[in-house]
Amino acid sequence: MVAAQEVLHLYRMFLREGRKFNSYNIREYILRRARTGFHENKASSNADELVQQAKEDLKMVQRQSLVYSLYGRGSKSILELTRSKDRAAEDASQLA
């Protein structure tokens, strides 16, 4: 039987690794897949198999995070640029 602590630790590790991606689309995809995957399998009867699969998937995400940090594009998406401009405008209005 798998402990709830181990599952929670895996879930948090997925979220941490997902936040490491520079690309907005990939980052949000990883976070969304982690959330839905863990919530869908919350009441599953084969928890041991799912935890093993999650560990393998986490290792894959960690490898991909490393590769993307080394070779990924440095440019931001339009959503990230828009958010940066909005934050800059808010900061300027607060200083005035």
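Counting from 1, residues in each chain are numbered in the order their sequence is written. Given that the model is predicted, a residue must reach a pLDDT of at least 70 before its local features are reported, and side-chain atom pairs must reach 80 or more before they are shown or counted; all residues, however, enter totals for whole chains, interfaces and linings. Each side-chain value is derived from all of the structure's non-hydrogen atoms; neither hydrogens nor water enter the calculation.

Some details on a positive patch on the surface
Here's step 1: Together, Arg12, Arg16, Arg19 and Arg35 line one region of the surface with positive charge.
Here's step 2: Helix and strand definitions here come from DSSP, where helices need a minimum of 4 consecutive H or I residues and strands a minimum of 2 consecutive E residues; each element is numbered from the N-terminal end. Turning to its location among the elements, Arg16 is positioned in helix 1 (residues 4–19). Note that patches include only residues with greater than 30% relative accessible area and no salt bridge, and the join distances are 9 Å for like charges and 5 Å for nonpolar side chains (Val, Leu, Ile, Met, Phe, Trp, Tyr). All accessible areas in this document rest on Shrake-Rupley with a 1.4 Å probe, and a residue is counted as covered only by the protein chains that are shown. Every case where a carboxyl oxygen of Asp or Glu lies within 4 Å of a side-chain nitrogen of Lys or Arg is listed as a salt bridge. Charge convention: Lys and Arg are scored as positive, Asp and Glu as negative, and His as well as the terminal groups of each chain are ignored. Taken as the charge centre is NZ of Lys, CZ of Arg, CG of Asp or CD of Glu, depending on the residue.

Describing the side chain of Ser65
Here's step 1: Inspection of the secondary structure puts Ser65 in helix 3 (residues 47–71).
Here's step 2: In what follows, residue pairs with any heavy atoms lying within 4.5 Å of each other are defined as contacts. Leave out the neighbours within four places in its chain, and Ser65 touches Glu17, Lys20 and Phe21.

Some words on the packing of aromatic side chains
Here's step 1: Any pair of Phe, Tyr and Trp rings, taking the six-membered ring for Trp, is counted once the centres come within 6.5 Å. Such a pair is stacked with planes under 30 degrees apart, edge-to-face with planes over 60 apart, and tilted for the rest. For the structure on display, the rule yields 3 aromatic pairs.
Here's step 2: Taken together, a centroid distance of 5.8 Å and an interplanar angle of 70° make the contact between Phe14 and Phe38 edge-to-face. Note that Phe14 is positioned in helix 1 and Phe38 in helix 2 (residues 24–40), a separation of 24 residues in sequence.
Here's step 3: Grouping aromatic residues by their ring pairs yields a cluster made of Tyr11, Phe14 and Phe38.

Things to note about helix 3
Since there are 3.6 residues in each turn of an α-helix, residues three or four apart along the chain are aligned in direction.
Here's step 1: In a regular helix each residue adds 1.5 Å, so 25 residues correspond to 36 Å; helix 3 covers 35 Å between its end C-alpha atoms and thus fits that length.
Here's step 2: Using a 1.4 Å probe on the protein chains alone, a residue whose accessible area is under 20% of its type maximum counts as buried, one over 50% counts as exposed, and one in between counts as partly exposed. Taken residue by residue, helix 3 has Val51, Ala54, Leu58, Val61 and Ser65 as its buried positions. For a helix, the expected span equals 1.5 Å multiplied by the residue count minus one.

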